[in-house]
Amino acid sequence: MKAPVFVAVVMLFLISCKKKNEPMPDSGLFGKWEVRRVYNGNILPADSIYKPGNGNILQLNADSTYVRYIQHKFSSKGVFHTRINLMSALAMPNERLYFDNDTSFNYLVMLNGDLMTLKPLFPDIPTTDYQKTQN
């Protein structure tokens, strides 16, 4: 009786293991995203619409790194990761985006074609809409 349970546990462990150097599966997040709209926050900046070519870029790479540019100038870089949240009030799974291993702050990610919306869970922080760029 103990041997089959042991074998089952070992098999489950081996199946669930993941190599550390594997890139994240492509969920549509990877690439360069340019800000198009910032809205609904109680903290600055005020609601704004941005024209294409504004240079406010969030680049998400397959190796789980990101680079941020503000008006075409380097701003920051680091690591990001995503998690699927299955415990929502609507009982619908949703993807969360975390930057720099900060698990206390995350964004709800909504993808619709070449548009991405990052909605923070804190109502004072504005929501940001991005459009995927070609370069």
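Residues numbered from 1 in each chain as written. Predicted model: local features only at pLDDT ≥ 70, side-chain atom pairs only at ≥ 80, totals over all residues. Heavy atoms only, no water.

Trainee: Can you tell me about the pairing of strand S8 (residues 115–120), naming the residues and giving the values?
Mentor: Summarising the sheet, strand S7 (residues 107–112) and S8 pair through 6 bridges and their orientation is antiparallel. Bridging from a neighbouring strand, Met-110 pairs with Thr-117 of S8. Taking the residues that link successive antiparallel strands as the turn, the S7-S8 hairpin has 2 residues, and the phi of Gly-113 there is positive, at about 65°. The pairing of S8 with strand S9 (residues 127–132) spans 4 bridges and is classified as antiparallel. What sits directly across from Met-116, in S9, is Tyr-130. Between S8 and S9, which pair antiparallel one after the other, the connecting turn spans 6 residues. (Pairing = 2+ DSSP bridges. Helix = DSSP H or I, 4+ residues; strand = E, 2+ residues; numbered from the N terminus.)

Trainee: Can you lay out the nonpolar core for me, pointing to particular residues and giving the numbers?
Mentor: In terms of nonpolar packing, the biggest core is built from 17 residues, with Leu-58, Leu-60, Phe-99, Met-116 and Leu-118 touching the most fellow members. If you list the elements that add at least two residues to this core, you get strand S1 (31–39), strand S3 (57–60), strand S6 (94–99), S7 and S8. Take this core: its biggest share by element is 3 residues, from S1. Other than its neighbours up to four places away in sequence, Met-116 contacts Leu-29, Trp-33, Leu-58, Leu-60, Val-109, Met-110, Leu-111, Thr-128, Asp-129 and Tyr-130. (Core = buried A, V, L, I, M, F, W, Y, C linked by side-chain atoms within 4.5 Å. Buried < 20%, exposed > 50% of the residue type's maximum accessible area, 1.4 Å probe, protein only. Contact = heavy atoms within 4.5 Å.)

Trainee: So what's going on with the packing of aromatic side chains? Which residues, and what values?
Mentor: Given two aromatic rings, their pairing is described by the distance between the two centres and the angle made by the two planes. Counted under the stated rule, the structure contains 5 aromatic pairs. Taken together, a centroid distance of 4.8 Å and an interplanar angle of 75° make the contact between Tyr-66 and Phe-99 edge-to-face. Separated by 33 residues along the polypeptide, Tyr-66 in strand S4 (residues 65–70) and Phe-99 in strand S6 bring together distant segments of the chain. Residue Tyr-66 shares its accessibility class with Phe-99, and that shared class is buried. (Phe/Tyr/Trp six-rings, centres within 6.5 Å; stacked < 30°, edge-to-face > 60°.)

Trainee: Give me the lowdown on the pattern of salt bridges, citing residues and values where you can.
Mentor: This structure, assessed with the given rule, holds 2 salt bridges. Here Glu-34 ties to Arg-36 by a salt bridge, and the two come within 2.7 Å at their closest N and O atoms. A single burial state applies to Glu-34 and to Arg-36, both of which are buried. Arg-37 is the partner of Asp-129 in a salt bridge, and the nearest nitrogen-oxygen pair spans 4.0 Å. A residue pair is termed long-range when its members are at least 10 positions apart, and Asp-129 in strand S9 and Arg-37 in strand S1 qualify at 92 residues. Residue class for Asp-129 comes out buried when judged on its relative accessible area of 15%. In this structure Arg-37 comes out as partly exposed when scored by relative accessible area, which is 38%. (Salt bridge = Lys/Arg side-chain N within 4 Å of Asp/Glu carboxyl O.)

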